[in-house]
Amino acid sequence: MSNAMFDWTCVYRTDNPLEAHIVLGLLTQARLKTHVEGAVLTTALGEVPFCQETIKIFVCAIKVPEAEEILVNYQQNNLSEDWQCRGCSEHNGSGFQYCWHCGKSYDESK
Ligand SMILES: [Zn+2]
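Going by the annotation in an unreviewed UniProt entry, the name recorded for the chain is RanBP2-type domain-containing protein, with Pseudoalteromonas rubra given as the source organism.

See the structure below:
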């Protein structure tokens, strides 16, 4: 019997470690188990993850629809302007809905 339902499936790829970090955060918040290839990401505050290769984020095959919903929301909610986090004063690019530094959302920082 096939175990394909539990295979890791790539749901996101990016060359931007910060973006990967945020996407991972969103998936983790939704309690999805993730697997990352291409980078060693750190979640420690104040440390910027860095890598030079394409990062691939995987979730369990049966969780792909859930992950895709999160990613679609993430991409639709991309902001048009840069913004500054109210929690830590970090400057965030328009592509980030959450502060990459402390994880506070844009809505909380308005
Ligand atoms: Zn912040």
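At this site the zinc ion is bound by Cys-85 (SG), Cys-88 (SG), Cys-99 (SG) and Cys-102 (SG), with donor distances of 2.3 Å. In this structure, the zinc ion is coordinated by four donor atoms arranged in tetrahedral fashion, with angles at the metal of 103 to 115 degrees. With a relative accessible area of 26%, Cys-88 lands in the partly exposed category. Cys-99 gets classed as buried once you look at its relative accessible area, which sits at 3%.

By the definition in use, this model includes one salt bridge. Note that Glu-66 is salt-bridged to Lys-63, the shortest N-O span being 3.6 Å. By relative accessible area, Glu-66 is classed as partly exposed at 36%. Taking the relative accessible area as the measure of exposure, Lys-63 reaches 31% and is therefore partly exposed.

So, about the packing of helix H1 (residues 17-29) against helix H2 (residues 64-76). Relative to each other, H1 and H2 sit at 130 degrees, their axes nearing to 10 Å. Of the possible angle classes, the one that applies to H1 and H2 is oblique. Judged by the twist between their axes, the crossing of H1 over H2 is right-handed. Residues Glu-19, Ile-22, Val-23, Leu-26 and Leu-27 of H1 touch H2, and the partners they reach there are Ala-67, Ile-70, Leu-71 and Tyr-74. Residue composition of the contact of H1 with H2, by class: eight nonpolar, no polar and one charged.

Now for the nonpolar core. Among the nonpolar cores identified, the biggest contains 20 residues, and Val-11, Tyr-12, Val-23, Leu-27 and Ile-57 are the most heavily contacted of them. The set of elements that each furnish at least two residues to this core consists of strand S1 (8-14), H1, strand S3 (55-60) and H2. The greatest single-element share of this core, amounting to seven residues, is contributed by H1.

Thresholds applied
Residues numbered from 1 in each chain as written. Predicted model: local features only at pLDDT ≥ 70, side-chain atom pairs only at ≥ 80, totals over all residues. Heavy atoms only, no water. Donors = N, O, S within 2.8 Å, 3.2 Å for Na, K, Ca; no water. Tetrahedral: all angles 85-135°; square planar, octahedral: opposite > 155°, others 65-115°. Buried < 20%, exposed > 50% of the residue type's maximum accessible area, 1.4 Å probe, protein only. Salt bridge = Lys/Arg side-chain N within 4 Å of Asp/Glu carboxyl O. Axes fitted to C-alpha atoms, helices over the stretch in contact; angles between N-to-C directions. Helix = DSSP H or I, 4+ residues; strand = E, 2+ residues; numbered from the N terminus. Parallel < 35°, antiparallel > 145°, perpendicular 65-115°, else oblique. Left-handed = near helix turned anticlockwise from the far one by under 90°. Contact = heavy atoms within 4.5 Å. Nonpolar A, V, L, I, M, F, W, Y, C, P; charged D, E, K, R; others polar. Core = buried A, V, L, I, M, F, W, Y, C linked by side-chain atoms within 4.5 Å.

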